[in-house]
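# Examination of the molecular architecture
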Amino acid sequence: SLPLPGSAAAPSFNPAVPRSIGRFFEDLEYIFSRAKVCDDATRKRAACRYVPLEVEELWSTLPEASPQSPASFVEFRDAVFALYPEYSCGRMFSLSDLEQLVDARRSRPFTSLLEYGEFYRTFFGMSSHLRSTGHLGEAEQSRLFLRALEPELRSKIDFRRQILFPSLHLDAFITLSKLHDMVVFVLPSLLPHSSSSWSPSQRVEASGRASSSFEELSPAGRMPSSAVAAVSESSSNAPRASSMVDPSLRRSHQPSASPRRTCHYCGALSCFIRRCPVVEVDIAAGRCKRNQDGQVVLPTGRFVPRALPGRTMRKRILEWHRR
């Protein structure tokens, strides 16, 4: 026998979520097979009984729902599907839905990995559905994901990208999964630390506990006051260490008041990167170039990664070409 409407075993349909109509009819097929209900009229009547009253009234107006209609249960189901175009068209989400999600997120920084995880799951589900229906490309998916990140997080992702993919062109896209890994790596550095959230009263209380624990030491564990006085007197009468050092040695070990600077690019003295002749030689050789701000960058237009080995920028550029 079929379960009663409203019981735990009965299928249900929520008209506020139209795309759940497919699961509702799948549940109907399951209970029909278990109860061995094969008559189309009985199946159509049962389908109308398992939905809310206003939905039942709507479905009953379909010509295929009439008991006198020769329409099969499958034809009745297809007529019901036609009432819910958001399901029958196979488009649970639209591109405008995804863009609204991105625009609502970009102005607010993430406050925890939990908040980011909720956003990523929503973005992944919507964008993956649009990709499966051919309404979104892989490159556009990555571009929209980056657009949802606030500026500080975006800049750290760009720097991380230069380290991981130094030879990748600036216009080349990175897959969503790799961007997700970068965010998970970088985001904790932007989150507030729990240690800095102590209130002043909590810090005073903690310091009070520490001082009280010292006071609770046994008399045998403390230094006698006479010994403290003796140590203080001996230390005050002792000559200072600085007065015992030869003045000539002390002068020789004093740091220079104005240390000479070296070029950031080649490391030579009295040379500046803006007018460094070695830079011009390497630019002519195609090893580097200057951007529109006059800064020395890689041939791809990216900044030279500091993670590369080398004391000077030129050595790091040569290492970049070697790799």
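Just above sits the structure.
Computed from a predicted model, the values in this text were never measured in an experiment.

How each quantity is defined
- Residues numbered from 1 in each chain as written.
- Predicted model: local features only at pLDDT ≥ 70, side-chain atom pairs only at ≥ 80, totals over all residues.
- Heavy atoms only, no water.
- Patch = residues over 30% accessible without salt bridge, like charges linked within 9 Å, V, L, I, M, F, W, Y side chains within 5 Å.
- Areas by Shrake-Rupley, 256 points an atom, 1.4 Å probe, with all protein chains shown as cover.
- Salt bridge = Lys/Arg side-chain N within 4 Å of Asp/Glu carboxyl O.
- Helix = DSSP H or I, 4+ residues; strand = E, 2+ residues; numbered from the N terminus.
- Buried < 20%, exposed > 50% of the residue type's maximum accessible area, 1.4 Å probe, protein only.
- Lys, Arg positive; Asp, Glu negative; His and termini not counted.
- Polar contact = N/O pair within 3.5 Å; in protein donor to acceptor, adjacent residues only side chain to side chain.
- Contact = heavy atoms within 4.5 Å.
- Phe/Tyr/Trp six-rings, centres within 6.5 Å; stacked < 30°, edge-to-face > 60°.
- Lys NZ or Arg CZ within 6 Å of the ring centre and 35° of its normal.

All right, on to a nonpolar patch on the surface then. On the surface, a cluster of nonpolar side chains totalling about 260 Å² of accessible area is made up of Phe159, Ile163 and Leu164. In this structure, Leu164 sits in helix 9 (residues 151-164). The exposure class of Leu164 is partly exposed, given its relative accessible area of 40%.

Another point: the pattern of salt bridges. Summed over all chains, the structure comprises 11 salt bridges. Across the pair Arg147 and Asp103 runs a salt bridge, and its minimum N-O distance is 3.0 Å. Here Arg147 is found in helix 8 (residues 138-147), whereas its partner Asp103 is found in helix 6 (residues 95-106), with 44 residues between them in sequence. Residue Asp103 is classed as partly exposed on the basis of its relative accessible area of 39%. Arg143 is paired through a salt bridge with Glu140; the nearest N and O atoms lie 2.4 Å apart. With Arg143 and Glu140 both in helix 8, this residue pair falls three residues apart, about one helical turn. Arg143 gets classed as partly exposed once you look at its relative accessible area, which sits at 40%. Each of Arg105, Arg108 and Glu115 takes part in salt bridges that share partners, so that together they form one network.

Here we take up the side chain of Arg302. Tracing the chain through its elements places Arg302 in the loop between strand 2 (296-297) and helix 15 (313-322). The buried charged residue Arg302 lacks any salt bridge partner; its closest oppositely charged side chain belongs to Asp158, at an N-O distance of 8.2 Å. A polar side-chain atom of Arg302 sits 3.4 Å from the main-chain carbonyl oxygen of His169. With residues near it in sequence (within four places) discarded, Arg302 still touches Arg161, Gln162, Phe165, Pro166, Leu168, His169, Leu170 and Val297.

Here we come to unusual backbone geometry. Positive phi outside glycine occurs at Lys36, with the angle close to 55°. Within the secondary structure layout, Lys36 lies in the loop between helix 1 (21-35) and helix 2 (40-49).

Turning our attention to the side chain of Gln162. Positionally, Gln162 belongs in helix 9. We classify Gln162 as buried; its relative accessible area is 16%.

What follows concerns the packing of aromatic side chains. The full count for this structure, using the stated rule, is 19 aromatic pairs. Within the aromatic cluster, the residues linked to one another by ring pairs are Phe13, Phe24, Phe25, Phe32, Trp59, Phe73, Phe76, Phe81 and Tyr84. Over the face of the ring belonging to Phe73 we find Arg43, whose NZ or CZ atom lies 5.8 Å from the ring centre. Just above the ring of Phe185 sits the side chain of Arg160; from NZ or CZ to the centre is 3.7 Å.

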